[in-house]
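Residue-level listing of the chains:
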Amino acid sequence: MSLRIEAVPCLQDNYLWLLKDGPTGAVAICDPGEAGPAIAAVEQAGGRLDSILLTHHHGDHVAGVAELKARFPAARVVGAALDAHRLPPLDLVVKEGDMVPVGAAQAEVLHLPGHTTGHIAFHFVADHALLCGDVVFALGCGRPLEAGGMEALWHSLRRVARMPANTRLCCGHEYTESNARFALHVDPDNKALKAEAEAAGALRAAGRPTVPTTLAQELAANPFLRAKDLAEFTARREEKNHFKG
């Protein structure tokens, strides 16, 4: 693996992601919801920014793009063709199956709708990493917010579930502890879930991120990835919307 991937906290509970390719020094930022932390991360990584990768159009994932682009004008902004009309101005418009380089590393673009209709993810296959935005979280998944979202999100999660088990899921929010409370409500006897919940609590107590998680962890503990069919997934997603635990 040549790609260093680091979670950078921003806003209240978001993460943007810093990627740096070892052989070339190329740097990318994914989902800069806030400019200040993104700029600081780039400067700490050497002051070079080649790409700004966007998974979807929500403000907490794109609000820092304009300032980041102004500071690093050579950086190209990469986003989905389906969402080009509601994303910041794009330098590279991509669709399912396109390849996006970060130096020597290569990401395949995956269309993973559900949270939004145009949501994409960047799959660095050789580096075992998926920049998955708000599709899947540690012990949770995104809210289906647009037409057809529930079924689309289920199919997107099934697609993620078929990836190699060692895939690192680089998601957009620090939701693990709250997700764990619902997951334990659904599946209270799951030993893997209990272990992940305890580990998350320890990490947060130490001021550290709980992500990336791995697909292997989530297949063992995440109640949405473990749902047996669309009906069970839908019931769990709707129950989560009203859960007060």
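Residues numbered from 1 in each chain as written. Predicted model: local features only at pLDDT ≥ 70, side-chain atom pairs only at ≥ 80, totals over all residues. Heavy atoms only, no water.

Visitor: Pulling in residues and values, what's your account of the environment of Asp83?
Guide: With respect to the helices and strands, Asp83 occurs in the loop between strand S5 (76-80) and strand S6 (92-94). The class for Asp83 is buried, based on a relative accessible area of 1%. If near-sequence neighbours (up to four positions away) are discounted, Asp83 is found in contact with His56, His57, Thr116, Gly118 and His119. (Helix = DSSP H or I, 4+ residues; strand = E, 2+ residues; numbered from the N terminus. Buried < 20%, exposed > 50% of the residue type's maximum accessible area, 1.4 Å probe, protein only. Contact = heavy atoms within 4.5 Å.)

Visitor: Summarise the environment of Pro144; cite the residues concerned and give the values.
Guide: Here Pro144 shows up in the loop between strand S12 (140-141) and helix H4 (149-161). Of the residues examined, Pro144 reaches a relative accessible area of 22% and is grouped as partly exposed. Taking the C-alpha atoms as reference points, Pro144 and His115, 29 residues apart in sequence, are found 4.3 Å from one another. Setting aside its immediate chain neighbours within four residues, Pro144 contacts Gly114, His115, Gly149, Met150, Leu153 and Arg237.

Visitor: Tell me about unusual backbone geometry, residues and numbers included.
Guide: Here the residue pair Val211 and Pro212 is connected by a cis peptide bond, since its omega of 10 degrees sits within 30 degrees of zero. The phi angle at Leu11 is positive, at roughly 50 degrees, despite the residue not being glycine. Of note, Leu11 is situated in the loop between strand S1 (3-10) and strand S2 (14-21). A positive phi angle is found at His128, which is not glycine, with a value near 55 degrees. Relative to the helices and strands, His128 resides in the loop between strand S9 (120-124) and strand S10 (129-133).

Visitor: I'd love a proper account of the packing of aromatic side chains, names of residues and values included.
Guide: Across all of its chains, the model carries six aromatic pairs by this definition. An angle of 75 degrees between the planes, with centres 5.0 Å apart, marks the rings of Phe137 and Tyr175 as edge-to-face. Here Tyr175 lies in the loop between strand S13 (168-171) and helix H5 (176-186) and Phe137 lies in strand S11 (residues 136-137), a separation of 38 residues in the sequence. The buried category is assigned to Phe137, whose relative accessible area is 4%. (Phe/Tyr/Trp six-rings, centres within 6.5 Å; stacked < 30°, edge-to-face > 60°.)

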